[in-house]
Amino acid sequence: MQTEHTLLELLLDSRTITPSSLLRRSYPKGEVVGDSDGKLSLAVFVEQGELDVFSVALDGTKILVSTLGQSEVFGISNLFEEEDLRTMLQCRSDCVLLSLPKEELRTALLKSPLAMVEYIKICNRKIQFLIQRIEQLSLPSARSKVSEYLLANTSIEQPELSLVSKESLALPLGISRASLFRELSALEKKGAVYSNGSTVRVINRNILEKVLQK
């Protein structure tokens, strides 16, 4: 069975970059980080910890788009077509990040076909994920957003969804805390879910599916 390698591993294995070219920095929980250092644009790899990625609207509204974990990378969506990203990244936990100038990463990718293929795969996964997020955020009601999220993140075999807190679910859905609790309560009364603390258990997927069909 072929072992999957991360983009960083492929770049290091091909020797198109060296460990000494990576800048390692530690950031505390809650710190906001970016993909630039002064005038220098950076690609940043997560060595330890988790980063929340927020989309920031012109009016300053923030919506949680995704969470990056170990070995994932940010600052590459505009690697070959540099344009400011309207995103904000915040450390969900204490983080250790490895950064590399984008110019060096571009050069390294062009010298390593395997790393370039992995980069393209990452971009494809990002596109597919963002299409799903757009569909989710475009749902007409808070109840349909909650129902879709629960269906997408549970299964018949694994019906439970464990959250840091119920409030943490409001950000990725783009709804208020009050709306979230109201809709979870309504779904619980309908017999679709059962919640206990920060755990939500789906007990009737058919009811959630009917919510989406309305």
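Everything below is about the structure printed above this text.
Every value quoted in this text rests on a predicted model; they were computed, and no experiment measured them.

Undergrad: Even after reading the chapter, I still don't get the overall build of the chain, so can you show me in this structure?
TA: The helix and strand inventory of the chain stands at seven helices and twelve strands. C-alpha extents for the chain along the principal axes are approximately 60 × 45 × 30 Å. Taking as baseline every contact in the chain between residues at least 6 positions apart, the subset at least 24 positions apart corresponds to 70%. Working note: accessible area of the chain is about 12800 Å², and carbon and sulfur atoms make up 50% of it. Treating the 26 positive side-chain charges of the chain as one cloud and the 27 negative ones as another, the clouds have centres 7 Å apart.

Undergrad: Sorry if this is basic, but what is going on with the packing of aromatic side chains here?
TA: The geometry of an aromatic ring pair is captured by the separation of the ring centres together with the interplanar angle, meaning the angle of the planes. Applying the stated criterion to the full structure yields one aromatic pair. Between the NZ or CZ atom of Arg177 and the centre of the ring of Phe181, over which it lies, the distance is 4.8 Å.

Undergrad: Please explain the pairing of strand 11 (residues 193-196) as it appears in this structure.
TA: Consecutive side chains of a regular strand alternate in pointing toward one face of the sheet and then the other. Because side chains alternate across strand 11, one face comprises the buried residues Val193 and Ser195, and the other comprises Tyr194 and Asn196, none of which is buried. Two elements, strand 11 and strand 12 (residues 199-202), share four bridges in a ladder whose sense is antiparallel. In the strand pairing of strand 12, Val193 is matched with Val202.

Undergrad: Looking at this model, I keep getting lost on the sheet that holds strand 12. Mind explaining?
TA: Backbone hydrogen bonds are what pair the strands of a sheet, in a parallel or an antiparallel way. Spatially, three strands are ordered 10-12-11 in an open sheet, and the strand pairing comes out antiparallel. At either margin of the open sheet sits one strand with a lone partner, and together these are strand 10 (160-162) and strand 11. Neighbour-to-neighbour, the strand axes of this sheet turn through a mean angle of 20°, independent of strand direction.

Undergrad: Would you explain the packing of helix 4 (residues 142-152) against helix 7 (residues 205-213) in this entry?
TA: For any two helices packed against each other, the geometry is given by the interaxial angle and the distance between the axes. The geometry of helix 4 relative to helix 7 is characterised by a closest axis approach of 9 Å and an angle of 135° between their N-to-C directions. The angle between the axes of helix 4 and helix 7 places the two elements in the oblique class. Here helix 4 and helix 7 pass one another in a crossing that is left-handed. Facing helix 4, whose interface residues are Arg143, Ser144, Ser147, Glu148, Leu150 and Leu151, helix 7 presents Arg205, Leu208, Glu209, Val211 and Leu212. Grouping the amino acids of the contact of helix 4 with helix 7 by side-chain chemistry returns five nonpolar, two polar and four charged.

Rules of the game
Residues numbered from 1 in each chain as written. Predicted model: local features only at pLDDT ≥ 70, side-chain atom pairs only at ≥ 80, totals over all residues. Heavy atoms only, no water. Helix = DSSP H or I, 4+ residues; strand = E, 2+ residues; numbered from the N terminus. Contact = heavy atoms within 4.5 Å. Areas by Shrake-Rupley, 256 points an atom, 1.4 Å probe, with all protein chains shown as cover. Lys, Arg positive; Asp, Glu negative; His and termini not counted. Charge placed at Lys NZ, Arg CZ, Asp CG, Glu CD. Phe/Tyr/Trp six-rings, centres within 6.5 Å; stacked < 30°, edge-to-face > 60°. Lys NZ or Arg CZ within 6 Å of the ring centre and 35° of its normal. Buried < 20%, exposed > 50% of the residue type's maximum accessible area, 1.4 Å probe, protein only. Pairing = 2+ DSSP bridges. Axes fitted to C-alpha atoms, helices over the stretch in contact; angles between N-to-C directions. Parallel < 35°, antiparallel > 145°, perpendicular 65-115°, else oblique. Left-handed = near helix turned anticlockwise from the far one by under 90°. Nonpolar A, V, L, I, M, F, W, Y, C, P; charged D, E, K, R; others polar.

No statement about biological role is implied by the geometric values presented.
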